[in-house]
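Here is what each chain is made of, one letter per residue.
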Amino acid sequence: MNTNRGLAAFAVVLLMSLAMCSGCIGGGDDTEETVMRFIFAASSDAVRLDPADVTDGESIQRTDNVYEGLVMYEEGSTEIKPCLATDWTVSDDKTEITFTLRQGVKFHNGIEMTADDVVFSFARQYDTTHPFNQYGEWAYWGYMFTDIMSVEKIDDYTVVMKMYTPNASLLTSLAMFTASIVSEDAAMEYGEDFFKNPVGTGPFTFVEWVKDDHITLEAFDDYWGGRPVLDEIVFKVIPDTTTRLLALQNGEIHGAEYLDPSQLSLVEADASLFLVSEPGMNVGYIALNCGEGYVDANGNGKWDEGEDADVPGAFEPFQDIRVRQAIQHAINKQSIVDNLYQGAATVAVQGMPPGLLGYNYDLEGFAYNPALSRQLLEDAGYPNGFTVTMFQMGSTSRPYFPVPQDIAQAIQSDLAAVGITVNLFTEDWGTYLQDAEAGKAPMIMLGWSGDNGDPDNFLNVLYSQKTATVGTAGNYGFKKNQALQDILDQALLTFEEDERDELYQEANRLIVEEATHIFVAHSNQILAFNKSVKGFVAHPTTRMFFYNITVEE
């Protein structure tokens, strides 16, 4: 099919679908034209709209405009400030935090938020006997919040959070989406369907979700922080990067995410558009499934004796460190950054981006060396290589992999050059993430955008043995490493910054030496907008808070 004709036909269909949805440009009558609507093109649909039960950026992007937590980030930074809590005090031993709640805050269902909702929002995640616990996987709780022992009500506007041990990153982590406060009444009313019917306290309330097409939010008139100027947000799913750009150029949408880096010059040359391109707090990687996983049967967030579990995608050659090293040396990461990211990224050496506490500037990583790769394969008993399946992200662009299919094919080609045949496999985004957490992928392409600016959010989530949990995994390399886990645990008990820095530098060294993850790139976060859009501030975590923007048509 002629590409230009195909894109033009899609543009007609897209404009018609936008005109039929509740948030469209130029909807038809005079009343509709007065609505300040912002239409944002996303690369894929949300998976769930319950902020405590998601791990993907697309779901977070939607829920961030519906929900809030006890604390929130300052605009454009990871410094925290009060939100649903007006203030808090920390006990001398740092194992209790007492929060004073903001009074008069209403949920979107009109019910006032109280301490009962706060207790519910946390207890449903950590208490396996809680009546709502059955409706979610609560993966992020296992990644980052298992030091919380309980959240208890003191009175209607006071709660105390009790910890098993101190946690140096906890207050910052409480600004994450996972710690958002949900309406207990709404959650219990909807039960297993709550993830499709979100009710929060945020500036926008949920209107509709047409799967794989759009999600519409509208301004909440009773928002405690004052009604947003923007009336509606429509998240429109447009998987193809070229089609997203065409829709933006044609004025059918107001903003678009994750463009192909080769398209940046087109945006910069268009007087009606502007580009946001800033260093991203992210990493794109390929994980090698070593087959060492567990099921956290007692729910304590630790890999205890007797909890070992089979990992369905375990690939025997990856259990040999020489094979993992061979794959590291076979991939030309600099060429991928230069040619596929168009320079809008830096080559990754370790599992978190530069600038964070604990980044180890002494590490050099694995140099591109195909001859050494072939020698390592021969030494490991694979002189003729082997065949392996790599899960790749298909058309789902993410900030760390803006053109995933092209990047996957480049890796496939590099590995073929040393005798390794890679069969590429993809599936819809929601299933892809579920299969990743279940350990079904022998080799998988994924990445991470930091949630809170703390190294623990990368290292303990992505590479620790405690997150090699079959079914809710964050560590898709599935490798046990007690020495690494001990260091990561000690870092959370350490409140002196220089000491934490040294611990995380050592952790990064061990992670690189383990070679279970091929760190490809740290990319810029790239967004494009119509110049009618005012007030957007990019966040280092790549979360998208749209409630302060306006559209001047």
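Here the structure is a predicted model, which is why all the values come from computation and not from measurement. (Residues numbered from 1 in each chain as written. Predicted model: local features only at pLDDT ≥ 70, side-chain atom pairs only at ≥ 80, totals over all residues. Heavy atoms only, no water.)

### Some words on the overall build of the chain
Looking only at helices and strands, one finds 17 helices and 22 strands in the chain. The C-alpha atoms of the chain give a radius of gyration of 23 Å, which matches the 24 Å a tight globule of 553 residues would have. For the chain, the C-alpha atoms occupy an extent of roughly 70 × 65 × 40 Å along the three principal directions. Counting every position in the chain, which comprises 553 residues, the buried fraction comes to 58%. Sequence-distant contacts, at least 24 apart, represent 70% of the contacts inside the chain between residues at least 6 apart. When the accessible area of the chain is evaluated, it comes to approximately 20,900 Å², of which 46% is carbon and sulfur surface. Positive and negative charge centroids in the chain, built from 31 and 83 side chains respectively, lie 2 Å apart. (Helix = DSSP H or I, 4+ residues; strand = E, 2+ residues; numbered from the N terminus. Rg over C-alpha atoms; globule rule 2.2 N^0.38 Å. Buried < 20%, exposed > 50% of the residue type's maximum accessible area, 1.4 Å probe, protein only. Contact = heavy atoms within 4.5 Å. Areas by Shrake-Rupley, 256 points an atom, 1.4 Å probe, with all protein chains shown as cover. Lys, Arg positive; Asp, Glu negative; His and termini not counted. Charge placed at Lys NZ, Arg CZ, Asp CG, Glu CD.)

### Some words on the pattern of salt bridges
By the definition in use, this model includes 23 salt bridges. A network of salt bridges, in which partner residues are shared, links Asp 45, Glu 58, Arg 62, Lys 211 and Arg 398. (Salt bridge = Lys/Arg side-chain N within 4 Å of Asp/Glu carboxyl O.)

### With respect to the environment of His 108
Note that His 108 resides in the loop between strand 5 (96-101) and helix 4 (115-126). Considered as a pair, His 108 and Gly 142 are 34 residues apart in the sequence and their alpha carbons are 29 Å apart. The contacts of His 108, once residues within four sequence positions are left out, are Val 66, Val 199, Gly 200, Thr 201, Gly 202, Phe 204, Thr 205 and Phe 220.

### Brief notes about the confidence of the model for the chain
On average, residues of the chain score 92 in pLDDT, and 94% of them reach the 70 mark or higher. Counted against residues more than four places away or in other chains, residues 1-31, with its pLDDT under 50, gives 45 contacts. (pLDDT = per-residue confidence, 0-100.)

### What about the nonpolar core?
Within the largest apolar cluster, 152 residues are counted, with the highest numbers of intra-cluster contacts made by Phe 38, Phe 122, Ile 327 and Leu 446. Per-element accounting of this core gives the leading share, 6 residues, to strand 20 (residues 517-530). Judged by nonpolar contacts, the second largest core, of 13 residues, contains Ile 39, Val 234, Val 267 and Ala 528. (Core = buried A, V, L, I, M, F, W, Y, C linked by side-chain atoms within 4.5 Å.)

### Structural notes on the packing of helix 16 (residues 482-492) against helix 17 (residues 497-514)
Interhelical geometry of helix 16 versus helix 17 gives an angle of 160° and a closest axis separation of 9 Å. One way to sum up the angle between helix 16 and helix 17 is to call them roughly antiparallel. Crossing of helix 16 against helix 17: the hand is left-handed. Every residue of helix 17 that contacts helix 16 at Ala 483, Leu 484, Ile 487, Leu 488, Gln 490, Ala 491 and Leu 492 is listed here: Arg 500, Leu 503, Tyr 504, Glu 506, Ala 507, Leu 510 and Ile 511. (Axes fitted to C-alpha atoms, helices over the stretch in contact; angles between N-to-C directions. Parallel < 35°, antiparallel > 145°, perpendicular 65-115°, else oblique. Left-handed = near helix turned anticlockwise from the far one by under 90°.)

### Re the side chain of Ser 121
Take Ser 121: it is sitting in helix 4. Only 2.8 Å separates the side chain of Ser 121 from the backbone oxygen of Asp 117, close enough to count as a polar contact. With residues near it in sequence (within four places) discarded, Ser 121 still touches Ser 180, Ile 181 and Val 182. (Polar contact = N/O pair within 3.5 Å; in protein donor to acceptor, adjacent residues only side chain to side chain.)

### Describing unusual backbone geometry
Phi is positive for Ala 515, close to 65°, though the residue is something other than glycine. Looking at where Ala 515 falls in the secondary structure, it is placed in the loop between helix 17 and strand 20. For Ala 515, a relative accessible area of 0% gives the class buried. Backbone geometry places Thr 542, a non-glycine residue, at a positive phi of 70°. Within the fold, Thr 542 resides in the loop between strand 21 (533-534) and strand 22 (550-551).

### A look at the side chain of Gln 350
Assignment of secondary structure puts Gln 350 in the loop between strand 16 (345-347) and helix 12 (370-379). With relative accessibility at 0%, the residue Gln 350 sits in the buried group. Among the polar contacts made by the side chain of Gln 350, one reaches the main-chain carbonyl oxygen of Asn 360 at a distance of 2.7 Å. Every residue in contact with Gln 350, bar those within four places of it in the chain, is listed here: Val 283, Tyr 359, Asn 360, Leu 363, Asn 508, Val 512, Phe 519 and His 522.

### Let's talk about the sheet that holds strand 7 (residues 158-163)
Spatially, 4-5-7-6 is the arrangement adopted by the 4 strands of the open sheet, whose pairing is antiparallel. Unpaired on one side and paired on the other, strand 4 (85-90) and strand 6 (148-155) mark the two borders of the sheet. Geometrically, the sheet is characterised by an average inter-axis angle of 20° between neighbouring strands, direction not taken into account. As judged from the 5 bridges shared by strand 4 and strand 5, these two strands associate in the antiparallel manner. Note that in strand 5 the partner of Val 90 across the bridge is Ile 97. Lying over the sheet, helix 4 contacts strand 5, strand 6 and strand 7, oriented at roughly 165° with respect to strand 6. (Pairing = 2+ DSSP bridges.)

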